[in-house]
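The chain contents come next:
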Amino acid sequence: MHEIVTSGFLFPNDVHAHWSVMIVLYPYITGLVAGAFIVSSLYHVFGVKEVKPVARFSLVAAFSFLLFACTPLLFHLGHPERAFNIIFTPKFTSAMSGFGYIYNVYLFIVLLEIWFVYRSEIIRRAREAQGPLKALYWCLALGSLNDNEEALKLDHKIINVLAAIGIPSACILHGYVGFLFGSLKSNPWWSSPLMPVIFLLSAIVSGISILIVCYWLVCRFSKLSLDAECLKAMFKYLWAFFILDVAMEGLELLTHIYEAHEEWLIVSMMLSQRLGFSYYILQMLVCSVLPLIVLGFVVLKNMQDSTRIRLGLGCAVLILIQVLAMRWNVIIGGQLFSKSLRGLTSYTPAILGREGLLVALALFLMPFVVMYVFNLILPLFEKEPETEKQ
Amino acid sequence: MKQDRREFIKKAGWTFIGSGLYINLFSLGTSLANPSRSGIQHLYAFIVDTETCIGCGKCVAACRAENRVPPDNYRTWVERYTLLKGGGVEVDSPQGGEHGFQPLAFARADIQKSFFVPKLCNHCAKPNCVQVCPVGATYVSPEGFVLVDEKRCVGCSYCMQACPYSARFMNPVTHTADKCTWCYHRIRRGMTTACVEVCPAGARLFGRVDDPAGPVARLLKARRLQVLKPETGNEPMVFYVGLDKEVH
Amino acid sequence: MKTYDHIIRFTLLIAAVIIGFCIIRTYMLPDSFGNHGSYSYAYCRADSADEQALLPVLHQGAKHCSACHTAQAALLGDNTHSQLSCESCHGGFRAHNNTTERMAIGNTTDTCLVCHVRLDARPAEFPQIDSLAAHVADQDEALLPGMTCTTCHDPHAPM
């Protein structure tokens with residue numbers, strides 16, 4: 001176990017942080033889900049044609065992240081074998097109980113939308129495949145191979161409805177996490193009506209960023225050609241949401257500083273002594289101000305596509321780091337000062353162990369494995385007529 | 001044929017939605033009909049007299065022995081406040097005060113005042129720790145004790161984050177939430193809590209609020225009492241005599 | 001008909017999942033779990049409180065000790081230490097009849113100083129001393145080797 005460094009006076013039960021890096025990872029993963037889904041809905045609901053190349057992929061990405069969203073929590077729970085208690089006897093006065101039903105309902109919505117989007121492809125493959133693969137596709141189609149005009153039109157309508165329902169569902173899925181922190185009156189670093197808004201906005205920007213990075217990586221390492229207009233549109237939405245996100249985060253900090261409540265003394269000490277690098281330098285400066293300015297140029301200024309893509313990609317990476325840093329600073333930061341308001345403690349995640357960094361990294365990478373496996377069954381990107389898909 | 005099937009689906013759909021709504025609204029109604037605390041009586045209160053406490057730590061030791069509290073975790077603890085004439089405040093609680101306290105390195109002349117403050121779970125009347133439990137593992141007993149169901153707790157630690165008094169901890173043996181229970185197992189047998197039992201100074205008092213001869217009713221009448229962090233709205237049931245402004 | 005075929009199939013699949021879940025929940029739920037007066041504060045397994053009421057008790061209280069230790073109880077009478085529980089100093093009760101597992105606590109000054117060493121935070125009227133040597137000097141006595149508090153003070157009748 002790592003040494004805990006304390007200073008000042010802490011209540012005896014405040015020395016150990018209860019919520020570890022696993023709890024930082026959970027909103028990060030669900031954030032990626034929400035953002036990816038928003039991009040998909042941009043096409044299916046709002047008719048933003050430019051993002052059509054990534055519309056399917058973003059749905060599958062949302063689904064893959066969603067599949068693994070609950071795993072950090074399972075690794076954290078004292079009794080993961082009792083995890084089903086949260087859907088057997090949920091106590092809805094608790095924001096955390098939202099996890100049971102909101103998560104499952106949303107998983108179901110995304111799964112359903114993927115099914116309808118891919119149905120014609122599944123049916124085509126069910127007809128053309130041989131042997132065990134044929135059985136697989138037949139099962140995926142639930143044994144119904146009708147793809148006549150009317151059925152496909154109906155599918156299209158249903159996709160629109162699902163995408164539309166999915167937007168508030170995605171907002172609730174991520175908003176409740178923010179509310180989980182924001183509604184806690186006993187922790188002055190968390191308690192804020194802005195918390196659900198900040199969590200949701202940062203979720204959206206992280207989702208758009210991961211799609212940008214994944215799309216670029218896929219195009220780079222396969223024969224798929226990069227659609228510059230698609231990326232341009234994604235940069236535009238990324239910048240817009242990021243402005244809102246940074247504004248909200250800045251507003252929260254400003255309010256803390258200005259109102260200078262009783263707890264501000266210890267909270268500011270916690271920020272500068274324990275989170276100096278991750279909060280002020282990483283989250284607020286390097287990964288907020290820099291991408292904000294550079295993305296402005298990327299969106300507004302005329303430049304070569306290649307330059308735009310390179311700059312935008314760099315910003316997307318910085319934003320992914322910013323959102324992770326924000327989750328860390330909020331969740332870990334809130335536990336680094338005692339409720340006595342007189343002391344600070346420390347938290348260093350273990351490398352090995354159930355709640356260690358290695359497990360966290362593995363859980364973060366698993367969705368990408370799922371996407372790869374998915375691609376083996378159904379294509380993530382639609383076949384282009386002129387180039388061959390790998 | 002097509003029309004028939006469509007009619008059937010419509011009817012089935014509305015029946016499903018209607019019955020779902022009916023069931024949900026009905027159960028919502030019954031749970032709303034029970035306002036927040038009916039069925040729970042707050043029969044007991046705990047009083048801590050910080051003007052009498054001598055900081056011997058016997059209460060912490062007795063609690064640990066009585067309730068098999070794992071080391072480094074505290075169901076109760078004692079804090080010492082030393083207010084200096086210059087305005088500084090020094091607070092300490094070496095191992096929760098379990099083995100008593102040592103003299104501090106301040107000259108007597110520099111000390112404005114100094115006192116001990118025992119702390120424990122406040123068994124609030126409106127506990128927000130109970131409010132945030134996602135699985136109904138922590139609850140208020142019919143007598144008003146805030147307890148944890150060790151068999152249902154999933155160990156999410158949300159209640160520990162919620163408690164404004166840091167009274168809860170994660171038990172490393174049971175991997176569930178743990179906290180002071182006001183020795184519920186002793187109260188049900190007609191005894192008093194372990195900490196009250198062993199306190200040599202009579203700084204801890206426990207009893208029924210409605211017992212006119214008991215210590216609680218007496219002090220409720222005789223002294224001005226405070227609670228910790230009243231602004232939370234949790235309505236704690238541990239009342240303090242002589243709580244100083246420096247105590248959080 | 002063909003148009004709705006796949007819709008019907010997945011609806012049936014979901015209905016099966018939901019019904020299956022309801023059946024599992026009925027079996028998995030403990031009998032006494034429910035709303036016991038307040039959804040906010042008493043949505044719990046009612047048996048839990050009764051289970052906790054059966055946890056073993058350790059401290060027995062002074063009356064339990066004085067049943068056998070009548071001499072010490074008589075000494076304590078109503079002197080300054082009589083408001084102390086025996087278990088304050090001797091620890092929580094444990095079976096010690098006719099065994100070597102005694103509950104006597106030894107004769108060192110530390111045992112007494114835990115309560116009686118001078119601390120600024122202690123109430124002024126509470127009897128406190130700076131150290132054994134200082135206290136002995138105060139009493140105009142000589143500090144003899146091997147002297148402890150109990151040389152002069154009977155712990156069951158200290159003053």
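Keep in mind that what you see is a predicted model, and the values were worked out from it rather than measured. (Residues numbered from 1 in each chain as written. Chains lettered and ligands numbered in written order. Predicted model: local features only at pLDDT ≥ 70, side-chain atom pairs only at ≥ 80, totals over all residues.)

A. Examining the sheet that holds strand E2 (residues 76–84) of chain B more closely. Residues and elements named next belong to chain B. Taken together, 3 strands build an open sheet; the order of strands is E3-E2-E4 and the sheet is antiparallel. Two strands close off the open sheet at either side, each with one partner strand: strand E3 (89–92) and strand E4 (111–120). Along the sheet, successive strands turn relative to each other by an average axial angle of 15 degrees, direction set aside. Examined bridge by bridge, E2 and E3 share 4 bridges and lie antiparallel to one another. (Pairing = 2+ DSSP bridges. Helix = DSSP H or I, 4+ residues; strand = E, 2+ residues; numbered from the N terminus. Axes fitted to C-alpha atoms, helices over the stretch in contact; angles between N-to-C directions.)

B. Main features of the domain arrangement of chain B. Its domain assignment divides chain B into domain 1 (1–34) and domain 2 (39–248). Each of domain 1 of chain B and domain 2 of chain B has a C-alpha centre, and these two points are 50 Å apart. (Domains from an automatic or database assignment.)

C. The interface of chain C and chain B, seen in detail. Listed by partner, the interface residues are 39 residues for chain C and 50 residues for chain B. At the level of secondary structure, the elements contributing two or more residues to the side of chain C that touches chain B comprise strand E2 (43–45), helix H2 (47–53), helix H5 (86–90) and helix H6 (109–116) of chain C. The element that contributes the greatest number of residues to the side of chain C that touches chain B is H2 of chain C, accounting for 4 residues. Classifying every residue of the side of chain C that touches chain B by side-chain character gives 20 nonpolar, 14 polar and 5 charged. (Contact = placed C-beta atoms within 7 Å. Nonpolar A, V, L, I, M, F, W, Y, C, P; charged D, E, K, R; others polar.)

D. Helix H13 (residues 357–377) of chain A, seen in detail. Residue and element names in this part refer to chain A. Its 21 residues place the ends of H13 31 Å apart at the C-alpha level, agreeing with the 30 Å of an ideal helix rising 1.5 Å per residue. The sharpest bend along H13 measures roughly 25 degrees and falls at Leu 365, with the proline Pro 367 sitting one to four residues further on. Those residues of H13 not exposed but buried are Val 359, Ala 360 and Pro 367. Next to the buried residues of H13 lie helix H1 (21–44), helix H2 (52–69) and helix H3 (71–76). (Expected span 1.5 Å × (residues − 1). Bend = angle between axes of the 7 residues up to and from the residue. Buried ≥ 20, exposed ≤ 12 C-beta atoms within 10 Å, placed from the backbone.)

E. A look at the environment of Lys 134 of chain A. Residue and element names in this part refer to chain A. Here Lys 134 is to be found in helix H6 (residues 131–140). Using a count of 14 C-beta atoms within 10 Å as the deciding quantity, one classes Lys 134 as partly exposed. Not counting residues within four places of it along the chain, the set of residues in contact with Lys 134 comprises Ala 126 and Ala 129.

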